[in-house]
Amino acid sequence: MAPDRIISTTIYNGVFPGPLLRFKEGQQVVVDIHNDTDTPEQLHWHGQTVPVDVDGASEEGTPFIPAHGMRRIAFTPGRPDCDSTIRTSRPCRSVQRTYGGQVGTVYIEPKHEPGRYDREVFLMLKEFQPALSRGGDMDMDFLAPATRVKALEEAGGSAMRASMAKGMPHGFEVGYSLFSINGRMLGHGDPIRVKAGERVLFHIVNGSATEIRSLALPGHIFEVIALDGNPVPTSTQIPVLWLGTAERVSAIVEMNHPGVWVMGDLADDDRTRGMGIVIEYAGKAGKPKWTKPAPFKWDYTRFGKSGADGQAPDETIEMTFTKNNAASQGFNEWRINDVAFSMDKMEPMFICGRESAIGCA
């Protein structure tokens, strides 16, 4: 990751991130997966609707790839996407192996590509050296609209105070000490070299299993054209990107502010520990510059259709999410409608299309 930051992890085809896989929408692909480790493995095709025996979800019944064995799989990408292939972990894995380096980008080329850009750049955001710590919740004030339900807020606060009064510590969270874009810490990989006037389409994948990421490029604007591979109804220009866990964003940036810049996370600690990459204009040199953008609220409704379509939903499902602090062997227990999901029973909470005891209203 840097000359003095060398780590050991498990990767695809000897590289990190894994090799870029480009498939075509509607054309079947065949993939041979070789497991050269000493542990049974899974390979999950995130964002794709594929059969269970291909999906890489052991809890649903996908066969494991045996240690030092292989599986040949076939599927047909059904829609354009910019996804990630990620390893799915078995129970009792160490933190390092569960949150380590097995991730790569899969790009599904659409049948009809409108263009409007000069070239593509793929970015994989990923952190390393995970460890358990007793932290608090991430500040979510970047989201909009900032609607707050007072009753829920008071219930959550009351539950946390009651837990702390019993002497319970904060529940375990996964934290990281090193951060990277395309496997290199800020300043230690090749810069992205651009020309003034170029329109660069960035395909950005948040390869994290736990982290929400932000990304800004001083003096430049992102035109978001797709979220999770799906073209948005309204392409929108914004100064900052926010990506949830495993989320993908495709955005065009017009290179109209010559210089040498840092494209990086808004969080100073994460950026200085690696979560950034240098953008270098042709003919420009010097120390990369970083300027924090003005506060900006991330609002998914910006990218939707304007106005209401007037179509009533077939069903409405109400869900209330709650956290029981450190309730499960020191880890937080999360519940939906006061029910914790059981991996042993694998029972559906909502059965849509007919009445159910728990859910569909």
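Everything below is about the structure shown above.
Please read all numbers here as calculations on a predicted model, not as lab measurements. (Residues numbered from 1 in each chain as written. Predicted model: local features only at pLDDT ≥ 70, side-chain atom pairs only at ≥ 80, totals over all residues. Heavy atoms only, no water.)

*Asks:* I tried to follow the packing of aromatic side chains on my own but got confused; where do I start?
*Replies:* Any two aromatic rings considered together are summarised by their centre-to-centre distance and by the angle between their planes. The full count for this structure, using the stated rule, is eight aromatic pairs. A centroid spacing of 5.6 Å and a plane angle of 90° characterise the contact between Trp298 and Tyr300, whose relative ring orientation is edge-to-face. Overall, Trp298 belongs to the buried group, its relative accessible area being 1%. Taking 5.4 Å as the distance between ring centres and 50° as the angle between the ring planes, the aromatic pair formed by Trp298 and Phe303 counts as tilted. (Phe/Tyr/Trp six-rings, centres within 6.5 Å; stacked < 30°, edge-to-face > 60°. Buried < 20%, exposed > 50% of the residue type's maximum accessible area, 1.4 Å probe, protein only.)

*Asks:* Looking at this structure, how should I read unusual backbone geometry?
*Replies:* Keep in mind that most residues, glycine aside, have a negative phi and that most peptide bonds are trans. Here Phe16 and Pro17 are connected by a cis peptide whose omega angle stands at -10°. Examined against the element boundaries, Pro17 turns out to sit in the segment before strand E1 (18-24). Even without a glycine there, the phi angle at Asn13 is positive, about 55°. Mapped onto the secondary structure, Asn13 falls in the segment before E1. (Helix = DSSP H or I, 4+ residues; strand = E, 2+ residues; numbered from the N terminus.)

*Asks:* How should I be thinking about the pattern of salt bridges in this particular structure?
*Replies:* Side-chain pairs of opposite charge can arise where the charged atoms are in close proximity. Here the structure, examined in full by the defined rule, presents 19 salt bridges. Linking Lys24 and Glu109 is a salt bridge whose minimum nitrogen-to-oxygen distance equals 2.9 Å. With Lys24 in strand E1 and Glu109 in strand E6 (residues 103-109), this pair connects stretches of sequence that are 85 residues apart. Three or more residues joined by partner-sharing salt bridges are found here, namely Glu211, Arg213, Asp265, Asp270 and Arg273. (Salt bridge = Lys/Arg side-chain N within 4 Å of Asp/Glu carboxyl O.)

*Asks:* Would you mind going over a nonpolar patch on the surface with me for this structure?
*Replies:* On the surface, Ile317, Met319 and Phe321 cluster together to form a nonpolar patch covering roughly 290 Å² of accessible area. Among the secondary structure elements, Phe321 is positioned in strand E18 (residues 321-328). Look at Phe321 and you get exposed, because its relative accessible area is 56%. (Patch = residues over 30% accessible without salt bridge, like charges linked within 9 Å, V, L, I, M, F, W, Y side chains within 5 Å. Areas by Shrake-Rupley, 256 points an atom, 1.4 Å probe, with all protein chains shown as cover.)

*Asks:* Explanation requested: empty space enclosed by the protein in the structure shown.
*Replies:* It is a probe the size of a water molecule, rolled over the atoms, that shows where empty space is left. Inspection of every chain in the model, using the stated rule, returns one cavity of 30 Å³ or more. Approximately 50 Å³ is the volume found for the largest cavity. Around the largest cavity, the lining residues are Ile33, Gln42, Leu43, Val54, Gly56, Thr62, Pro63, Ile65, Arg71 and Ile73. For the lining of the largest cavity, the class distribution of residues is six nonpolar, three polar and one charged. (1 Å grid on protein atoms, 1.4 Å probe; cavity = no way out; pocket = protein on both sides within 12 Å on 5 of 7 lines; lining within 4 Å. Points joined across faces, edges and corners; volume = space filled by probe spheres on them. Nonpolar A, V, L, I, M, F, W, Y, C, P; charged D, E, K, R; others polar.)

*Asks:* Even after reading the chapter, I still don't get the pairing of E6, so can you show me in this structure?
*Replies:* On any regular strand, side chains alternate: one points to one face of the sheet, the next to the other face. Burial analysis of E6 places seven of its seven residues in the buried class, which makes it a mostly covered element. Going residue by residue along E6, you find Val103, Thr105, Tyr107 and Glu109 tucked away on one face and Gly104, Val106 and Ile108 tucked away on the opposite face as well. Alignment of E1 against E6, held across five bridges, turns out to be parallel. By the bridge assignment for E6, Lys24 is matched with Glu109. (Pairing = 2+ DSSP bridges.)

*Asks:* Is there a simple way to explain the nonpolar core in this structure?
*Replies:* Nonpolar side chains tend to gather and get buried jointly when the protein is soluble and globular. In terms of nonpolar packing, the biggest core is built from 40 residues, with Leu123, Phe202, Leu241, Met263 and Trp298 touching the most fellow members. Dropping the residues within four chain positions of it, Phe202 is found in contact with Val121, Leu123, Ile192, Val249, Ser250, Ala251, Val253, Met255, Met263 and Ile279. One finds Val50, Val54, Ile65 and Val106 within the second-largest nonpolar core, a separate group that totals 14 residues. (Core = buried A, V, L, I, M, F, W, Y, C linked by side-chain atoms within 4.5 Å. Contact = heavy atoms within 4.5 Å.)

*Asks:* What should I look at first to understand the side chain of His203 in this one?
*Replies:* Tracing the chain through its elements places His203 in strand E10 (residues 199-206). Owing to a relative accessible area of 2%, His203 belongs among the buried residues under this scheme. Within the local environment of His203, its side chain forms a polar contact with the side chain of Ser250, the two groups lying 2.8 Å apart. (Polar contact = N/O pair within 3.5 Å; in protein donor to acceptor, adjacent residues only side chain to side chain.)

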